Amino acid sequence: MSNIKISVAKGDGIGPEIMDAVLNIFNAANVKLDYEYIDMGKSIYDKGFSTGMTDEAKVSVEGNGILFKGPMETPKGGGVKSINVTARKTWSTYANRRHFQSLPGVDTVFSKAGIPIDITIVRENIEGTYGGIEHMNTHDVAICRRIISRPGSAQVIRFAFEMARKEGFKKVTCAHKANIMKLTDGLFLETFQEIAKEYPEINSNDIIVDDLAMKLVARPQEFQVVVLTNLQGDIMSDLCAGLVGGLGFAPSANIGDNISIFEAVHGTAPDITGKLLANPTSLLLSGLMMLRYIGFVKEAALIENALRYTLEQGVHTADFGDRALAPSNTNEFAEAIIKNLGKQPEFSKPREAVDGVELFTKTENKHYQKMMVTPLHTEQKIVGVDFFVESDLPASEMAKLIEPKLASSQKLIMISNRGTMVWPTGSAFTECVDHYRVRIEGTSSQVEIFALLSAISADMYIPSHEVLRMYGSKPGYSLAQGQ
Ligand code: NAI
């Protein structure tokens, strides 16, 4: 294979230390990569770039299609967004793939019990609460919009099934909370069930996410591939990292159709920066995912086997391993792996040079943003509006103020507080905050809705509203608890 150029951002804190260690291992294994070093992270924020990256860095990543990055610090406060999240979202790396495996020399409750762990979490990487769309609706109430889209769900779910098919996984599990969030997680689950039909050879099932948390801790060997929405996937990934010895052993790949980002999952570890105490394993394993993605499968197997052999010999950094053996520093750890290139692990199955799923093809210049829309099969019809009102009045008083403003076709259906119905019926024991939802039905156009809101807003503050629409025979809105 000829040399492939990738963009490399060493990152902040321990980033440069672990990146240098990993690139030394790559060079020793004769990996044919050319590195284009770019500036991203704290030093760039400090120079006044609010995105945390220079224009040259952006051009480099968009041109090469691959970013290998160390951890980066997000400045606290000041409205600055995390560069890590921004990069994943801007470049549409919709699937976050994380692999959690038992490693020799890394003692955990499960390794001591002889239970091997090999779980891949595929987390949706763009949507959900990570849209970061938040508002203070009243002085007392903040809201966050959790966007789940059909095309966004389909991308990540299809990725999980394609990965399972090409890499020989037998089972894909969808974890969700569709019993509570019937529309958002319901859409994710429905998309999963539709796509699963295209992969009949793969056993597919679903599980409520809290049940998943319990079962991962009790019987992790039952899971192979788990696909989840963004925040739930984030939490479950860290839980899985704990099962295999911590974040230091958890690699991460953010895969998109055009650009992919490979990074360690831990942060910049400011407490140990500059002391050469950092463990480079997470970044190295992420780098191996990158090598397989690009097609350097032999080199990836060579390095992973050397890593496993090295761990079996008891070589370790200060954060893990046998306390009776002196720890190595970051560079000594990397040098031990380099010395062991060509060796096979003795106590665990060696890694074979098999092709990965995600074969990288470079995308040439893109000039516009892709619109993803699925065909519409049902009729959409406006039937009403939910609007939110800031008020500390009792719900019955609110109803008295609202009802005279309604046209004859319009009807006040219910008022809820924090999702629980408090009018026309409810319990005196339901505690309320100054943020009511008012549901009106019997209106069929946006023009009518805005006229109504305009009339009501003379008396009340309406921070937001949602139009109620039917999609065929299905309501595109949820009922209040108690309705
Ligand atoms: P952290 O992961 O940096 O540190 C947590 C603890 O783990 C510390 O005790 C640290 O010494 C230890 N640790 C982390 N990586 C290690 C390694 N490779 N070897 C040995 N020990 C290691 O998390 P923290 O302190 O919450 O975040 C610090 C900074 O990192 C923040 O600015 C945060 O925004 C950023 N961060 C960046 C991420 C990324 O670039 N993907 C991810 C998470 C945090």
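Quick caveat: nothing in here was measured; it's all calculated off a predicted structure.

A short note on the packing of helix H11 (residues 297-312) against helix H12 (residues 330-339)
If you want to describe how two helices pack, look at the angle between their axes and the distance between the axes.
Okay, step 1: Where H11 contacts H12, the axes come no closer than 8 Å and their chain directions differ by 115 degrees. Like other packed secondary-structure pairs, H11 and H12 cross with a definite hand, here right-handed. Between H11 and H12, the contacting residues are Ala306, Leu307, Thr310 and Leu311 on the first element and Phe333, Ala336 and Ile337 on the second.
Okay, step 2: In the contact of H11 with H12, the residues fall into six nonpolar, one polar and no charged.

Section: the site of the ligand
Okay, step 1: The ligand sits among 19 residues. The nearest are Met72, Gly267, Ala269, Asp271 and Asn279.
Okay, step 2: Here His266 contributes a side-chain N or O atom positioned 3.2 Å from a nitrogen atom of the ligand.
Okay, step 3: Measuring from a nitrogen atom of the ligand, one finds a backbone N or O atom of Asn279 at 2.9 Å.
Okay, step 4: Within the complex, the protein chains bury 65% of what would otherwise be the 810 Å² of accessible surface of the ligand.
Okay, step 5: By residue class, the composition of the shell around the ligand is eight nonpolar, six polar and five charged.

Here's the deal with helix H10 (residues 281-294)
Okay, step 1: Over its 14 residues, H10 runs 20 Å from end to end, which matches the ideal 20 Å to within 8%, given 1.5 Å per residue.
Okay, step 2: Counting buried residues along H10, 14 of its 14 residues qualify, which places the element largely inside the surrounding structure.
Okay, step 3: Of the residues one or two after H10, Gly295 is the one with positive phi, at around 120 degrees.

Structural notes on the sheet that holds strand E9 (residues 203-208)
Okay, step 1: With mixed pairing, 10 strands are arranged side by side in an open sheet as E2-E1-E3-E12-E11-E4-E5-E10-E8-E9. Two strands close off the open sheet at either side, each with one partner strand: strand E2 (33-37) and E9. Sheet twist, expressed as the average angle between the axes of neighbouring strands with direction ignored, equals 25 degrees.
Okay, step 2: The pairing of strand E5 (residues 118-124) with strand E10 (residues 225-228) spans four bridges and is classified as parallel. Within the sheet, the bridge partner assigned to Arg123 lies in E10 and is Leu228.
Okay, step 3: Sitting on the sheet, helix H6 (residues 150-167) touches strand E4 (95-101), E5, strand E8 (171-176), E9, E10 and strand E11 (251-255), and the angle it makes with E5 is about 155 degrees.
Okay, step 4: Sheet strands in contact with helix H8 (residues 209-218) are E5, E8, E9 and E10, and its direction is about 105 degrees off that of E9.

As for the nonpolar core
Okay, step 1: Among the nonpolar cores identified, the biggest contains 69 residues, and Ile6, Phe26, Leu33, Phe68, Val227, Met290 and Leu291 are the most heavily contacted of them.
Okay, step 2: Considering each element in turn, this core owes the most residues, nine residues, to H10.
Okay, step 3: Excluding anything up to four places from it in sequence, Met290 contacts Ile6, Phe26, Leu33, Ile66, Phe68 and Phe262.
Okay, step 4: Counting residues in each nonpolar core, the second largest holds 22 residues, with Phe387, Val389, Met398 and Leu412 among its members.

So, the environment of Thr273
Okay, step 1: Residue position: Thr273 is located in the loop between strand E12 (260-264) and H10.
Okay, step 2: In the structure, Thr273 is positioned 186 residues away from Asp459 in sequence and 57 Å away in space, judged by C-alpha atoms.
Okay, step 3: Beyond its immediate chain neighbours, meaning those up to four positions away, Thr273 contacts Gly13, Ile14, Glu17 and Thr268.
Okay, step 4: Of the polar contacts made by the side chain of Thr273, one reaches the backbone oxygen of Thr268; its length is 3.4 Å.
Okay, step 5: Here the side chain of Thr273 touches Ala269 through a polar contact of 3.0 Å, landing on its backbone oxygen.

The rules behind each value
Residues numbered from 1 in each chain as written. Predicted model: local features only at pLDDT ≥ 70, side-chain atom pairs only at ≥ 80, totals over all residues. Heavy atoms only, no water. Axes fitted to C-alpha atoms, helices over the stretch in contact; angles between N-to-C directions. Helix = DSSP H or I, 4+ residues; strand = E, 2+ residues; numbered from the N terminus. Left-handed = near helix turned anticlockwise from the far one by under 90°. Contact = heavy atoms within 4.5 Å. Nonpolar A, V, L, I, M, F, W, Y, C, P; charged D, E, K, R; others polar. Near = heavy atom within 4 Å. Polar contact = N/O pair within 3.5 Å; in protein donor to acceptor, adjacent residues only side chain to side chain. Areas by Shrake-Rupley, 256 points an atom, 1.4 Å probe, with all protein chains shown as cover. Expected span 1.5 Å × (residues − 1). Buried < 20%, exposed > 50% of the residue type's maximum accessible area, 1.4 Å probe, protein only. Pairing = 2+ DSSP bridges. Core = buried A, V, L, I, M, F, W, Y, C linked by side-chain atoms within 4.5 Å.

Such coordinate-based values are descriptive only and should not be taken to indicate function.
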